[in-house]
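Observations on the three-dimensional arrangement
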Amino acid sequence: MSTYGMLETGAPVAAAPKRRSTNWIAISSVVANVALIGALICYMPATNADVGAAVTSRIQAPRVRMAQQQFSMAGRRASSTSFNRKTSASAQSKATVATVALDAPVATSEDTMTWSPANGHDVDAGMGQVHKDAAISNEVSPVMAQKNIQRPVIFGVAADSGCGKSTFLRRVNAIFGTTTSKAHTPTGELITTICLDDFHTLDRTGRKDTGISALDIRANNFKLMADQLKALKQGRAIKKPIYNHDTGAIDPVETIHPNHIIIVEGLHPMLDKDVIESLDFTFYIDVSDPVKKEWKIQRDMIERGHKKEDIIASIESRRPDFEKFVEPQKANADVIISIEPTKLDVAPEEAVKYLNTRLIQKENIHGVRPVYLFEENGANVDWDPCAGPNAMACPYPGTRVRYYQEMHGDRQASVVEIDGVFGEIEELFLIEERLSNTNTKYFGELTKQMIKNKAAPGSGDGSGLVQALVALKMRESYERFTGRTIQVPKWGLFLDEY
């Protein structure tokens, strides 16, 4: 699959997809899109003294707020009702730019870097010092200058095993228009993803012998985790341990350099206060027990050859530690993806087959605004997109979209709820055009992303759509924290591949 993406500095992340041939419908689409959006994109040269190369900054002119005709993705008029589209976050307000002081000399190459033991390298949970080679560079990594990284932005994603973290992270890469390697720690030009299982202090045999689960804080090196994330945020490289999921062993360390975006995912990114200090924005994937059980059975039976009764027994044995060490992180999350059985009118035994997904967006200090339905922020909405003229074609049991406010602890939260299943993914533009503050770059981008990942789990219901919305919020927050822009091509309103 072709990928794309570019920072405002003009440094390409990956090549744009090539057109197969001249497509006059596509050209008409672009012209129509320009006329509809009315956006003027200007490019001004700039000089980056740090890397000694000419770069380009994108400046977007303010959009004129006006009612626009809405068209379907097939080019037909979808509705007689016009919606006042909200301007993008980057156009409405200035970025909340944050910087990190680089208080160490910059290494000229990886070979010239020197290393010091990381805090926590000497932790012993009963198997000896399994992280004794974990280290932090004394110098700022040369990658900071090579990639023109202003400062690494670190996202935390917490969830239990088998809750869809991998699928979600694939959608994040797609939204950012980039790819990552298939290495143990996936790394690309823009994003590095670190699995926090690498900080286990007990291997599979050690956990079995001691009766301590991987969810237990005693089986994880939070001191090392906090020190190495702090180092990455300061622009330093780290020598990080590896937990081998195939063998269950703790393997030798690997060198990880800072990147524009670092995603730390796993069981405990928001449990330890010192780890939390390095996280810029946090997300929790909350899957209810009935759905989690169904997903984990499907995954472990098909992909790992486990028996159903063994999977259920494992889930039940993990429950006390999950409730004690993983679930409390919901309180520290800025955004929660909540996935439950449907609330629609179905037989009880069918409820787990159809999902009700909620996007819970807590008030935050970062200036990242919540997605909401229609134009009145704060107004409760209960909408059936399958009813009325020009409605979506929805199979059983239908689709329901709701918006409301609720409290989560001491924080107000805006909630977008999507219940049921979709018919044709191509019709999701009917929902997209009624959502505000999505941070899409052009009308139709959200629907296009869902179509590009049509085969991914959740693409036929709200779980995939909410994951894509959260990925858009991650892109918005990156742009706010750095003052940079992720550029994507504006494909226009038509769906044919070109």
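Position numbers for residues count from 1 along each chain, tracking the sequence in the order it is written. Only residues with pLDDT of 70 or above have their local features reported here, since the model is predicted, and side-chain atom pairs are shown and tallied only from 80 upward, although totals for entire chains, interfaces and linings are computed over all residues. With hydrogens and water set aside, each side-chain value is computed from the structure's full complement of heavy atoms.

Considerations on the overall build of the protein chain
Note on conventions: DSSP H or I runs of at least 4 residues are helices, E runs of at least 2 residues are strands, and numbering of each starts at the N terminus. Broken down by element type, the protein chain carries 12 helices and 17 strands. Relative to its 498 residues, the protein chain shows a buried fraction of 53%. Note on contacts: a residue pair qualifies if any of its non-hydrogen atoms lie within 4.5 Å across the two residues. Long-range contacts, defined here as pairs at least 24 residues apart, represent 72% of the contacts in the protein chain between residues at least 6 apart. Only the protein chains shown count as covering a residue, and every accessible area follows the Shrake-Rupley method with a 1.4 Å probe. When the accessible surface of the protein chain is summed, it comes to about 21700 Å², and 52% of that surface belongs to carbon and sulfur atoms. The buried label applies to any residue whose accessible area, calculated with a 1.4 Å probe on protein chains only, is under 20% of its type's maximum; exposed applies above 50%, and partly exposed to all values in between.

A closer look at the sheet that holds strand 7 (residues 236–243)
Strand pairing within a sheet occurs via backbone hydrogen bonds; the two strands may be parallel or antiparallel. As summarised here, the arrangement of the 4 strands in space is 3-4-7-8, forming an open sheet in which the pairing is antiparallel. The two strands at the open ends of the sheet, each matched to only one other strand, are strand 3 (115–117) and strand 8 (250–256). Ignoring which end each strand starts from, the neighbouring axes of this sheet average 25° apart. Strand pairing requires that DSSP identify at least two bridges connecting the strands. Judged from the 3 bridges that link them, strand 3 and strand 4 (residues 135–140) form a sheet pairing that is antiparallel. Looking at the pairing, Ser116 lines up with Ile136 of strand 4. Here the axes come from fitting lines to C-alpha atoms, over the contacting stretch only for helices, and the angles between their N-to-C directions go from 0 to 180 degrees.

Digging into the pairing of strand 7
By the criterion of burial, strand 7 is predominantly enclosed, with 7 of the 8 residues buried. Of the strand pairs in this sheet, strand 4 and strand 7 are connected by 3 bridges, and their pairing is antiparallel. Pairing of Ala135 across the sheet is with Lys239, part of strand 7. In this sheet, strand 8 lies alongside strand 7 in antiparallel orientation, the contact comprising 5 bridges. Residue Lys240 lies in a different strand from strand 8, and its bridge partner there is Glu254. Taking the residues that link successive antiparallel strands as the turn, the strand 7-strand 8 hairpin has 6 residues, and the phi of Gly248 there is positive, at about 80°.

Observations concerning the sheet that holds strand 10 (residues 281–287)
The strand order 6-9-5-10-11-12-16-15-14 describes an open sheet built from 9 strands, whose pairing is mixed. The outermost strands of the open sheet, each flanked by one partner alone, are strand 6 (191–195) and strand 14 (381–383). Taking each pair of neighbouring strands and ignoring which way they run, the sheet shows an average axis angle of 15°. For strand 15 (residues 399–408) and strand 16 (residues 411–420), the ladder comprises 10 bridges, and the chain directions are antiparallel. Considered in strand 16, the bridge of Tyr404 is made with Val415. Sitting on the sheet, helix 12 (residues 462–482) is in contact with strand 5 (153–158), strand 9 (261–266), strand 10, strand 11 (335–341), strand 12 (355–362) and strand 16, with an inclination near 20° to strand 12.

Here we look at unusual backbone geometry
Residue Pro397 is bonded to the preceding Tyr396 through a cis peptide linkage, with omega at 5°. Assignment of secondary structure puts Pro397 in the loop between strand 14 and strand 15. Within the chain, Asn437 stands out as a residue other than glycine whose phi angle is a positive 65°. Here Asn437 is to be found in the loop between strand 17 (435–436) and helix 11 (445–452).

Some points on the packing of aromatic side chains
Two rings from Phe, Tyr or Trp (for Trp, the six-membered ring) form a pair when their centres are within 6.5 Å of each other. A pair whose planes differ by under 30 degrees is stacked, one over 60 is edge-to-face, and the rest are tilted. If you walk through the whole model with that rule in mind, you get 6 aromatic pairs. For the ring pair Phe281 and Phe283, a centre distance of 5.3 Å and an interplane angle of 65° mean the geometry is edge-to-face. Among the aromatic residues, ring-to-ring pairing joins Phe155, Phe281 and Phe283 into one connected group. Just above the ring of Phe322 sits the side chain of Lys292; from NZ or CZ to the centre is 3.7 Å. Any Lys NZ or Arg CZ found within 6 Å of a ring centre and within 35 degrees of that ring's normal is scored as a charge over the ring.

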